[in-house]
Amino acid sequence: MNIAFFDAEYNNADFRKNSLEETIQVGFIICDESKLLQREEDYVLNKYMTFVKPTLTKKLSKYVKKVTNITQKQIDEGVTFKEAYSNILNLIEEYDIKKIYVWGSDKPIIIKEFILHRKEFTNKQRKIIPRIMEDLSYDISKKIDKISLQNIAYIYSVKPQKSHDALDDALTLMEVYKKYKILNKDELEEFKKRKALFKKYKKEKNTIICRNLLFSDYLNANVCENVCEKCGKQKM
């Protein structure tokens, strides 16, 4: 069975409640699931990434520029929403994709965007992508409290790709999925240790010592005792 991993970056200039986030970059990776889980080679069948021009808010917010490192020029030269998602629809049909895995709020955002662009797609087309999307964070949160993709990657001993890049985040999600489905004995033991450390980290996160400490740094240090109380950075 062929599956896919999807991630997108969004522009939201004002952050008002209920304001619409718009796609500015998509990353899409298609895999042969059986080869992926058996850890064979050549399990990635295709990759797709493009920048997308927003419709309502054409100028990138300062926050989005800072977090994603996406430039206004990349967006201005990007494709339209219709072209980006038409290409994904074509890939879904070409590879007979049965499931698209995402992390977090991509599905509700995309549903809203398809409503905004409803005149550009048929009713059937608008339903295809949301219908086969599955939020992997929902399944994992049953075992671990709400967590970011980057932090769950560290717990599963996956080295995260560049954060807030749609294709890199889709790659990280793919590797997390592989570990989530199948862990060997040694990997399972390491997962248990890291999961316990994350729970400890969450309890200590609001303390003066750990307030400014990322989980990755906490994981490397294992304990917070070697951290500067003033700045939250690890002591040398």
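Look up a bit, the structure's there.
Residues numbered from 1 in each chain as written. Predicted model: local features only at pLDDT ≥ 70, side-chain atom pairs only at ≥ 80, totals over all residues. Heavy atoms only, no water.

Visitor: Quick question: what am I supposed to make of the overall build of the chain here?
Guide: The helix and strand inventory of the chain stands at 11 helices and five strands. Buried residues in the chain amount to 46% of all 236 residues. For the chain, the proportion of contacts with a sequence separation of at least 24, taken over those separated by at least 6, is 65%. In the form shown here, the chain has an accessible surface area of approximately 13,600 Å², with 49% of it arising from carbon and sulfur atoms. (Helix = DSSP H or I, 4+ residues; strand = E, 2+ residues; numbered from the N terminus. Buried < 20%, exposed > 50% of the residue type's maximum accessible area, 1.4 Å probe, protein only. Contact = heavy atoms within 4.5 Å. Areas by Shrake-Rupley, 256 points an atom, 1.4 Å probe, with all protein chains shown as cover.)

Visitor: Please explain the nonpolar core as it appears in this structure.
Guide: Burial of nonpolar side chains together is a common tendency in soluble globular proteins. If you look at the biggest cluster of nonpolar residues, it comprises 34 residues, and the most contacted ones within it are F5 and I152. Residue assignment for this core shows that the elements contributing at least two residues are β1 (2–11), β2 (22–32), α1 (33–37), α7 (136–140), α8 (149–155), α9 (166–181), α10 (185–204) and α11 (215–221). Apart from residues lying up to four places away in sequence, F5 is in contact with G27, F28, I29, C31, L36, Y101, A170, L173, M174 and Y177. Counting 29 residues, the second largest nonpolar core, distinct from the first, contains A4, A84, I109 and I129. (Core = buried A, V, L, I, M, F, W, Y, C linked by side-chain atoms within 4.5 Å.)

Visitor: Sorry, what's going on with the side chain of N2 here?
Guide: Mapped onto the secondary structure, N2 falls in strand β1. A residue is classified by how much of its surface remains accessible, and N2, at 18% relative accessible area, is buried. A distance of 2.8 Å separates a polar side-chain atom of N2 from the backbone oxygen of Y95. If near-sequence neighbours (up to four positions away) are discounted, N2 is found in contact with C31, D32, L45, Y95, D96, I97, K98 and K99. (Polar contact = N/O pair within 3.5 Å; in protein donor to acceptor, adjacent residues only side chain to side chain.)

Visitor: Help me out: how do you make sense of the sheet that holds β1 in this one?
Guide: For sheets, the rule is that strands pair by backbone hydrogen bonds, running either parallel or antiparallel. With mixed pairing, five strands are arranged side by side in an open sheet as β3-β2-β1-β4-β5. Only two strands of the sheet have a single neighbouring strand rather than two, namely β3 (44–51) and β5 (133–135). Shown here is a sheet whose adjacent strand axes are inclined to one another by a mean of 25 degrees, direction ignored. Pairing of β1 with strand β4 (residues 99–102), which is carried by three bridges, proceeds in the parallel orientation. Looking at β4, one finds that A4 is bridged to I100. Strands β4 and β5 of the sheet are contacted by helix α6 (residues 123–132), whose axis makes an angle of about 35 degrees with β5. Sitting on the sheet, α9 touches β1, β2, β3 and β4, and the angle it makes with β1 is about 140 degrees. (Pairing = 2+ DSSP bridges. Axes fitted to C-alpha atoms, helices over the stretch in contact; angles between N-to-C directions.)

Visitor: I'm lost on the packing of aromatic side chains in this one. Help?
Guide: Tallying each qualifying case throughout the model produces 13 aromatic pairs. Ring centres of Y201 and F215 lie 5.3 Å apart, and the angle between their planes is 55 degrees; this geometry places the pair in the tilted category. On the criterion of sequence distance, the pair formed by Y201 in helix α10 and F215 in helix α11 is long-range, its members being 14 residues apart. For F215, a relative accessible area of 1% translates into the label buried. Three or more aromatic residues link up through ring pairs in this structure, and these residues are F6, F81, Y85, F114 and F121. (Phe/Tyr/Trp six-rings, centres within 6.5 Å; stacked < 30°, edge-to-face > 60°.)

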